[in-house]
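# Summary of the model geometry
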Amino acid sequence: MSARGDASELASFTADMAQVPPPGSVVVSDWHRCKDSKEYFSKVLHKKRRKNFGLLESPVMPPHVAVDTVHYKIFISGKSGVGKTALAARLAGLNIPNMHHETTGIETTVVYWPVKLRESGRVLFFRLQLWDCGENALRRFDHLLPSCKEQVDAVLFLFSFTDRTSFDDLSNQIAKWTESSVGRVVKLVVGTKFDLFMHCDVSQRDVRDFQETWSLPVLRTGGEVSDGLGDVAPLLNCLSENLWHQDCVTAGPAGQRSQQETVTVL
Amino acid sequence: MMLQDGSTQLLCLTASSGVPLFTRGASKQLPFSVIGSLNGVHMFGGGQEVVLSSCETEGGGKVVWRVFQDSVMLIAVSGGGHRAPGSSKEEEVCLQRLLENVWNCMVLVLGQDELVNVRNVERLKRDLRSCFSLIDQLLEEKQEGILGTLTHCADSLVPPNPSLLQEAVDGFAQAADSEFGCLIVHGRIATATEKWWRLAPQEVVLLSALIRSLSDSGSASCDYPVFLPQGSPTVAHRLLRFQLLPGADVCVLCGPTPSLHRAETGLVGRFWSPLVETLRDCLAVGERCLPGSVSLRPGVLALLLINRETRRSVSCVRTPPHHPLGDSPSLSKARCWELLKLFYIFSISRYFTQEETPCVSPEERAQRGNSEDFLLGFSHQPQQCYLVTEECKSYGLQTAQHQLFLLLSPSVPTFALRTAATQTLSDITAATGF
Ligand SMILES: Nc1nc2c(ncn2[C@@H]2O[C@H](COP(=O)(O)OP(=O)(O)OP(=O)(O)O)[C@@H](O)[C@H]2O)c(=O)[nH]1
Ligand SMILES: [Mg+2]
């Protein structure tokens with residue numbers, strides 16, 4: 001960590017304020033593959049699987065390695081059957097339901113993800129709480145959407161590669177979250193069921209065009225879950241990067257995320 | 001009498017016109033023509049002022065019908081095949097319970113209005129899909145040691161330190177603007193507010209089932225709209241659930257406030273952080289359901305104890321099965337649970353009268369008439385019964401307040417069963433006040 005490093009970090013933020021940071025510019029991508037990440041990732045793993053933390057628990061580091069944990073609320077949006085519940089389970093390393101059972105209310109899932117900031121070398125635990133609400137439940141009960149929107153930091157807009165209408169509807173969905181009333185939220189687009197290429201209804205070209213129009217990150221997911229972290233790392237790093245970037249922009253160049261920041265309980 | 005777990009198929013049709021709404025269960029669906037006939041024969045009976053409620057097929061299968069609120073007909077079909085003769089009565093009890101539970105869970109998710117005042121069948125069909133998760137769970141009954149959907153008593157766990165937890169549940173519920181709160185550990189109720197116990201037994205059981213499925217998914221918290229089939233069938237409440245530790249969930253039923261976000265960030269830590277160790281002790285009780293202070297007599301393989309007043313039950317299977325020297329090879333845990341369940345059904349369908357539940361339909365009362373006829377054959381009400389098979393010995397015992405169903409090793413002498421049962425009952429009630 002050097003003074004020069006910090007300064008250039010700030011410079012880049014002021015340059016492209018609300019812009020999406022280029023991938024890997026804020027956090028070290030593929031850090032889970034680096035040796036120095038092991039002691040952090042081991043705290044979120046248990047027998048090679050992701051550890052499930054209750055609300056009263058959190059990853060515990062040894063006393064001499066104090067790591068801050070930053071909390072974020074992320075809403076997963078998309079039509080029924082697109083794969084919201086499956087994505088939340090995948091990101092948390094939980095069993096993915098193979099049948100579509102409609103989610104009849106809000107379910108939240110907590111993901112702890114260690115991140116290394118590129119410039120400062122500082123390590124943080126991102127506590128990402130994913131809010132998943134069944135689309136039909138949202139329609140039947142008016143109180144659910146406001147609850148999902150309360151103090152939300154990011155939205156994942158889902159479309160399915162096997163369902164064209166879900167892709168075509170993205171612009172509508174995104175527009176709803178761009179109104180000033182919502183406040184500042186990170187927006188990411190995720191294409192699900194990328195593994196079902198035989199039934200693919202959305203071409204790579206469509207995705208590229210979309211990305212150019214909206215300049216939002218688009219990620220892909222689908223297929224068997226490997227026991228490693230490789231299939232979720234790109235999405236979680238991208239999300240963490242954008243959240244951190246948004247915080248820095250909001251708080252001003254010298255600011256730090258103060259709200260809700262907690263020191264890991266020893 | 002020991003029936004195998006065959007596959008069960010569930011059909012749902014509109015009562016007035018017999019339009020199929022959904023089918024669940026059994027990988028191989030019944031052909032449409034058969035579904036039509038099952039509906040037809042029930043309607044035919046209706047025309048003759050006969051209520052057809054169940055029948056047995058030549059292959060030993062069983063069909064049970066029931067119409068709810070004049071709007072929805074549920075039919076359960078179980079494929080017999082390999083069942084021993086004479087098991088039909090037990091099977092019927094199970095299927096009747098299943099239909100009642102399925103209906104209640106349709107109301108829980110969708111509310112009664114939508115089911116009773118059907119304006120658009122296609123829309124109802126689509127909305128009913130949101131009940132499949134719970135219905136499939138009822139059909140699968142996959143979790144060992146959960147008997148509530150059958151007994152309509154809440155599967156409970158007796159924590160080692162009940163008063164601390166009780167205080168926390170009460171305080172937490174109150175802070176969440178609610179009178180209804182409960183703590184569920186390993187899928188069983190460890191403590192609940194007084195009002196939670198005043199919900200109808202079927203509601204308590206169904207809410208437990210819902211909470212279990214949410215808890216199993218590994219999610220951290222939930223905000224689920226639920227209708228209460230008896231208490232509030234047309235107005236939804238919010239079920240908030242928080243996973244305190246994996247396997248330990250606290251829930252409240254509340255109105256519009258507080259929001260999930262606020263309850264989670266403002267209340268969960270405040271009330272429960274000081275109790276992490278108490279919760280861990282409670283988790284350590286595990287599937288035994290009873291604290292370490294209760295020691296079971298040698299020879300006891302499994303037990304189900306029901307408190308008839310509070311409509312709660314505790315059940316456990318000894319692991320590893322305790323078997324004295326020279327005993328026959330021990331039963332698997334799964335088989336013990338199955339035998340316990342079968343002995344329960346055997347006892348309540350033949351000897352012990354069932355508890356009256358608030359929502360017994362006239363049809364079901366007629367059903368029960370049959371078994372009451374059988375009971376009337378006795379000059380008195382049986383209070384104890386036993387059954388000796390190759391696998392184990394079973395003893396059932398009822399008092400004004402309790403029912404105990406006990407499985408014992410075949411090596412226990414038959415004359416000692418009664419003492420074992422009465423002793424076990426007094427040991428548990430003395431140690432836990434259950
Ligand atoms: N092959 C494949 N199947 C997927 C993928 N994501 C989801 N599915 C399947 O798609 C179905 C629907 O997924 P869910 O996650 O339950 O859908 P949802 O968006 O939560 O739907 P609602 O709760 O009704 O709003 C399930 O059967 C999943 O197994 C994927 O990436 N690949
Ligand atoms: Mg879902």
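Shown above is the structure to which this text applies.
As a starting point, this report considers the structure included with it. Everything numeric here is computed off the predicted structure, so don't read it as measured data.

Of the regular secondary structure elements, chain A holds nine helices and nine strands. The proportion of buried residues among the 266 residues of chain A is 50%. Pairs at least 24 apart in sequence give 76% of the contacts found in chain A among residues at least 6 apart.

All names here are of chain B. Taken in spatial order, the six strands make up an open sheet running β6-β13-β12-β16-β15-β14, and their pairing is mixed. Since the sheet does not close on itself, it has two edges, and those belong to β6 (154–155) and β14 (384–388), each with one partner. Both strand β12 (residues 300–307) and strand β16 (residues 402–408) contribute to a ladder of seven bridges, which runs antiparallel. Bridge assignment links Val300 to a residue of β16, and that residue is Leu408. Contacting β12, β13 (312–317), β14, β15 (393–398) and β16, helix α12 (residues 333–350) runs over the sheet at an angle of about 135 degrees to β16. Contacts between helix α14 (residues 417–432) and the sheet are confined to β12, β14, β15 and β16, with β16 contributing the most and set at about 125 degrees to the helix.

Take helix α9 (residues 233–251) of chain A next. With 19 residues, α9 of chain A ought to run about 27 Å at 1.5 Å a step, and its terminal C-alpha atoms sit 27 Å apart, in line with that. Counted residue by residue, α9 of chain A has 16 buried out of 19 residues, so it is predominantly covered.

Right, let's get into the coordination of the magnesium ion (ligand 2). Looking at the magnesium ion (ligand 2), the protein donor atoms are Thr85 of chain A (OG1) and Thr103 of chain A (OG1), and they sit 2.0 to 2.1 Å from it. Highlighted residues: Thr85 of chain A in helix α3 (residues 84–92) and Thr103 of chain A in the loop between α3 and β4 (106–116), separated in sequence by 18 residues.

Residue and element names in this part refer to chain A. One pass over the structure, following the stated rule, counts 24 aromatic pairs over all chains. Between Trp31 and Phe41 the ring centres are 6.0 Å apart and the planes differ by 55 degrees, which places this aromatic pair in the tilted class. Taken as a pair, Trp31 in the loop between α1 (3–15) and α2 (38–41) and Phe41 in helix α2 lie far apart in primary sequence, ten residues in all. The two residues Trp31 and Phe41 agree in class, both being buried. Aromatic rings pair up to connect Phe159, Phe161, Phe167, Phe194, Phe210 and Trp214 into one cluster. One residue, Lys73, lies across the ring of Trp131, its end atom 3.6 Å from the ring centre. Over the face of the ring belonging to Trp177 we find Lys149, whose NZ or CZ atom lies 5.1 Å from the ring centre.

As a further point, take the sheet that holds strand β4 (residues 62–68) of chain B. All names here are of chain B. Spatial strand order, β2-β1-β5-β4-β3: five strands in an open sheet with antiparallel pairing. For this open sheet the edge positions go to β2 (20–25) and β3 (54–56), each flanked by a neighbour on one side alone. In this sheet, adjacent strand axes meet at a mean angle of 15 degrees when their direction is disregarded. For strand β1 (residues 8–14) and strand β5 (residues 72–78), the ladder comprises seven bridges, and the chain directions are antiparallel.

Counting residues in each nonpolar core, the largest one holds 110 residues, and the members touching the most others are Trp113 and Leu128 of chain A together with Leu183 and Trp272 of chain B. Setting aside chain neighbours within four positions, we find Leu183 of chain B in contact with Leu165, Val169, Arg188, Ile189, Ala190, Thr191, Leu244, Asp249, Val250, Trp272 and Leu279 of chain B. Grouped together as the second largest cluster of nonpolar side chains are 49 residues, Cys12, Leu99, Leu199 and Ile211 of chain B included.

A few words now on the pairing of β13 of chain B. Residue and element names in this part refer to chain B. With six of six residues buried, β13 is to be regarded as a mostly interior element. Residues of β13 alternate between two faces, with Arg312, Val314 and Cys316 on one and Ser313, Ser315 and Val317 on the opposite face, all of them buried. Across six bridges, β12 lies against β13 in antiparallel orientation. Each bridged residue has a counterpart across the sheet, and for Asn307 the counterpart in β13 is Arg312. Where β12 hands over to β13, the hairpin turn is made up of four residues, of which Arg311 adopts a positive phi near 55 degrees.

The next point concerns the packing of helix α7 (residues 162–175) of chain B against helix α10 (residues 260–272) of chain B. What describes two packed helices is the angle between their axes and the distance between those same axes. Residues and elements named next belong to chain B. The interhelical angle for the contact between α7 and α10, taken along N-to-C directions, is 160 degrees, at an axis separation of 10 Å. Accordingly, the angle class assigned to the pair α7 and α10 is roughly antiparallel. Seen along the crossing, α7 lies across α10 with a hand that is right-handed. Touching Leu165, Ala168, Val169, Gly171, Phe172 and Ala175 of α7 are Leu267, Val268, Arg270, Phe271 and Trp272, all from α10. The residue makeup of the contact of α7 with α10, split by class, is nine nonpolar, one polar and one charged.

Our focus in this paragraph is the environment of Pro159 of chain B. All names here are of chain B. Considering the arrangement of structural elements, one finds Pro159 in the loop between β6 and α7. Along the sequence, Pro159 and Leu397 sit 238 residues apart, while their C-alpha atoms lie 25 Å from each other. For Pro159, the residues in contact, after removing those within four places along its chain, are Leu165, Ala190, Thr191 and Cys282.

Attention now goes to the interface of chain A and chain B. Buried accessible area, meaning the area lost when the parts come together, often serves as the stated size of an interface. Facing the 31 residues of chain A at the interface are 42 residues of chain B. When chain A packs against chain B, the two sides together hide about 2,800 Å² of surface, and 53% of this comes from carbon and sulfur. Connecting chain A to chain B are four salt bridges. At the boundary of chain A with chain B, the tally comes to 14 residue pairs in polar contact (both at pLDDT 80 or more). For the side of chain A that touches chain B, the element with the highest residue contribution is β4 of chain A, accounting for five residues. Direction of pairing for β4 of chain A relative to strand β9 (residues 221–228) of chain B: antiparallel, over a ladder of three bridges. Within the sheet, the bridge partner assigned to Thr108 of chain A lies in β9 of chain B and is Ser221 of chain B.

A few words on the environment of Lys393 of chain B. Residue and element names in this part refer to chain B. Structurally, the position occupied by Lys393 is in strand β15. Each C-alpha atom, one on Lys393 and one on Leu408, is 5.1 Å from the other, the two residues being 15 residues apart in sequence. In this view, Lys393 contacts Leu387, Val388, Leu406, Leu407, Leu408, Ser409, Pro410, Val412, Pro413, Thr414 and Leu417; residues no more than four positions away in its chain are not counted.

Glancing now at the pairing of β5 of chain B. Residue and element names in this part refer to chain B. Among the seven residues that make up β5, seven are buried, leaving the element largely enclosed by the rest of the structure. Neither face of β5 is left uncovered, since the one carrying Val72, Leu74, Ala76 and Ser78 and the one carrying Met73, Ile75 and Val77 both have all their residues buried. Alignment of β4 against β5, held across seven bridges, turns out to be antiparallel. Paired with Val67 across the two strands is Met73, which belongs to β5. Hairpin connection between β4 and β5: a loop of three residues separates the two successive antiparallel strands, and Gln69 in this loop has a positive phi of roughly 50 degrees.

Calculation rules
- Residues numbered from 1 in each chain as written.
- Chains lettered and ligands numbered in written order.
- Predicted model: local features only at pLDDT ≥ 70, side-chain atom pairs only at ≥ 80, totals over all residues.
- Heavy atoms only, no water.
- Helix = DSSP H or I, 4+ residues; strand = E, 2+ residues; numbered from the N terminus.
- Buried < 20%, exposed > 50% of the residue type's maximum accessible area, 1.4 Å probe, protein only.
- Contact = heavy atoms within 4.5 Å.
- Pairing = 2+ DSSP bridges.
- Axes fitted to C-alpha atoms, helices over the stretch in contact; angles between N-to-C directions.
- Expected span 1.5 Å × (residues − 1).
- Donors = N, O, S within 2.8 Å, 3.2 Å for Na, K, Ca; no water.
- Phe/Tyr/Trp six-rings, centres within 6.5 Å; stacked < 30°, edge-to-face > 60°.
- Lys NZ or Arg CZ within 6 Å of the ring centre and 35° of its normal.
- Core = buried A, V, L, I, M, F, W, Y, C linked by side-chain atoms within 4.5 Å.
- Parallel < 35°, antiparallel > 145°, perpendicular 65-115°, else oblique.
- Left-handed = near helix turned anticlockwise from the far one by under 90°.
- Nonpolar A, V, L, I, M, F, W, Y, C, P; charged D, E, K, R; others polar.
- Buried area = accessible area lost by both parts, 1.4 Å probe.
- Salt bridge = Lys/Arg side-chain N within 4 Å of Asp/Glu carboxyl O.
- Polar contact = N/O pair within 3.5 Å; in protein donor to acceptor, adjacent residues only side chain to side chain.

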